[in-house]
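Coordinate inspection notes
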Amino acid sequence: MAKMQFKAESKRLLEMMINSIYTHREVFLRELISNASDAIDKIYYKALTDDALSFDKDSYFIKVIPDKENRTLKIIDTGIGMSKEELETNLGTIAKSGSLAFKKETELKDGFDIIGQFGVGFYAAFMVADVVTVTSKALGSEEAYKWESTGAEGYTIEPVEKDSIGTEITLTIKENTEDENYDEFLEEYRLKSIIKKYSDFIRYPIKMDVTGRRPKEGSDNEFEEYVEEQVINSMVPIWKKNKSELTDEDYANFYAEKRYGFDKPLKHIHISVDGTIRYNAILYIPEKTPFDFYSKEFEKGLELYSNGVLIMEKCADLLPDHFSFVKGMVDSEDLSLNISREMLQHDRQLKLISKNINKKIKSELQSLLNNEREKYEEFYKSFGRQLKYGVYSEFGANKEVLQDLIMFYSSKEKKLVTLDEYVSRMPEDQKFIYYASGESIERIDKLPQAEFVSEKGYEILYFTEDIDEFAIKMLMNYKEKEFKSISSGDLGIEGEENKSESESEEKEYKEIFDYMKGILTDKVKDVRVSKRLKSHPVCLATEGDISIEMEKILAAMPDNQNIKADKVLEINKNHEVFQSLKDAFANDKEKLELYTKLLYNQALLIEGLPIQDPVEFTNDICKVMV
Ligand code: ADP
């Protein structure tokens, strides 16, 4: 029979995964059992809601069968099964659409981190098996099929006889090597402990035939072996357990078992509410950003159960966008099993639960920030952007909830600080919260505009993400302090008007600057003496609502409307360059034009803005050099 090839990417991923992703090989069993449990969830729900299907609770189970002689391990489930097409698409390709595009982009450079985020659970079987055989019969189908693969080479599919609906996976366990012992995956006691460790809370019985020894009847010193089918897992879903009975490890295992993420959760939130509305929830704040988190493909949502039965895999209505990173599940007795997606949106109970959950998430994040700062910063690195986005979106409807959770890098502290921290240590004479925008901390550090504010002893918040300035414009102020860019026309700092200039001096500047403005007509709104520069000769300031960083961001948007900041070229009159400008103005207007253009282009470079004509700029510099 012809061998079907895995899709090319799958092949590479498979090899990488087998060798690297899981440090503990034993988790292959967790992955297969989770799949089995999901498959039973699907048929269980169908049977409960579809009268045409008969419903017998005892017929839902998972069975694990080791066979030392034949070196095989079977995992059998009575779930919904897979058709031929499903075997091909589900097991023949690892990478699915969204992840595929992403993978090309990164060329798998950081492969190991992202690899775990694809649907690779099933493939974990190849960590312990040379051959994997999947026999399955789908609900509603007369035929059954056998899928078989020896790993990266590809797979075969053929029709086969199978009586009952469900899936049977047979692993041909690898031979031991010098470094690795695979025999253990055929040992009853070992399998039992792996199941206990990772799959204890699976809702369906995980059965295994266990060999015991007992005294032989009628004999004092002789023993006989007997085999007995045991249920290995406790089956009580974790969310129905008492918090006091559960350890951090239990929560982490549930997170992994559910494939909420392949990282370790940073924090879990276990909620049990028994009031006008009753529900249990286990929520997680992940540690790492999922690879597709900031893309269109990402779907937010929590698993929704109605009294233990899964009714929806991703209920988006439970999470607002600004908390879309939260993973987990909600189970409520008060929800109807037959609830449809449309009905859900209007469900009063669900709205209450959602409101409740969001309050809880907010307060848990706040306490993480207050009590476990390092962890919070880690969280913030992964998801801070989403919080800031939340401040900005929906016209600022959620800014009150979020303003205390956002952080920015501080010029003084050299680390992330909250707005509250900033405001609480503001000197009395400081009227504004100052910020500077740029593409990186290093770049902002060098901005000439910062000199005056810093020298005043004021702290500056660094805005390095595109969303920052937009979020702050939406916030407008924090604790009655307004935000002010260090590049804005008026800094609002007393003593700005240092030493009143003599009238004749002022007149002199004005003439020069008007002349320069004439040279730069369509480029800047004004040319003037800078009040913020100390050692640098030149910088750009802005007037009005659009800053230079915003101009850059808007320019990069697909529906670029060519919106520009109102720029002002500021000259440091204490810099030697100013003397040269004065001389040129008096003696050589051509030279003044050259200098003006050079200074303007330099100011653009400092801001990270493109120079309109780089060739002319280089020629101009050469003119000065010759
Ligand atoms: P994931 O479970 O993360 O989607 P897997 O590679 O583990 O990724 O499985 C791929 C898909 O194969 C599953 O989503 C499911 O549709 C199907 N599948 C796997 N195991 C079973 C099973 N025992 N019964 C029915 N379907 C299964």
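Conventions we followed
Residues numbered from 1 in each chain as written. Predicted model: local features only at pLDDT ≥ 70, side-chain atom pairs only at ≥ 80, totals over all residues. Heavy atoms only, no water. Helix = DSSP H or I, 4+ residues; strand = E, 2+ residues; numbered from the N terminus. Buried < 20%, exposed > 50% of the residue type's maximum accessible area, 1.4 Å probe, protein only. Contact = heavy atoms within 4.5 Å. Areas by Shrake-Rupley, 256 points an atom, 1.4 Å probe, with all protein chains shown as cover. 1 Å grid on protein atoms, 1.4 Å probe; cavity = no way out; pocket = protein on both sides within 12 Å on 5 of 7 lines; lining within 4 Å. Points joined across faces, edges and corners; volume = space filled by probe spheres on them. Nonpolar A, V, L, I, M, F, W, Y, C, P; charged D, E, K, R; others polar. Domains from an automatic or database assignment.

**A few points about the overall build of the protein**
Tallying secondary structure elements over the protein gives 20 helices and 22 strands in all. A total of 626 residues make up the protein; the buried ones form 50% of that total. Excluding contacts between residues fewer than 6 apart, the proportion of contacts in the protein whose partners are at least 24 apart in sequence is 70%. Carbon and sulfur atoms form 46% of the exposed surface of the protein, whose accessible area is close to 31,500 Å².

**A look at unusual backbone geometry**
The backbone of Phe395 sits at a positive phi, close to 55°, despite the residue not being glycine. Mapped onto the elements, Phe395 comes out in the loop between α10 (373–392) and α11 (399–402). On the basis of relative accessible area, Phe395 is assigned to the exposed category, the value being 78%. Although it is not a glycine, Glu480 adopts a positive phi angle of roughly 65°. Locating Glu480 in the fold gives a position in the loop between β18 (477–478) and β19 (481–485).

**Section: the environment of Lys327**
Assignment of secondary structure puts Lys327 in strand β13 (residues 327–332). The class of Lys327 is buried, set by a relative accessible area of 14%. Along the primary structure Lys327 and Leu302 are separated by 25 residues, whereas in three dimensions their C-alpha atoms are 6.0 Å apart. Sequence-distant contacts of Lys327, defined by excluding residues within four places in its chain, comprise Tyr260, Ile282, Leu283, Tyr284, Pro286, Phe298 and Leu302.

**Section: empty space enclosed by the protein**
Evaluation of the coordinates by the stated rule reveals two cavities of 30 Å³ or more. In terms of lining, the largest cavity is formed by Ala436, Ser437, Leu447, Glu469, Ser485, Ile486, Ser487, Thr542, Ser547, Ile548, Glu549 and Glu607. Of the residues that constitute the lining of the largest cavity, the class distribution is four nonpolar, five polar and three charged. Approximately 60 Å³ is the volume attributed to the second largest cavity. Contributing to the lining of the second largest cavity are Ser437, Gly438, Glu439, Arg443, Ile444, Leu447, Glu549, Lys552, Ile606, Glu607 and Gly608. For the lining of the second largest cavity, the elements supplying multiple residues, two or more each, are α13 (441–445), α17 (548–556) and α19 (589–607). Two domains each provide a minimum of three residues to the lining of the second largest cavity, namely domain 3 (406–485) and domain 4 (497–625).

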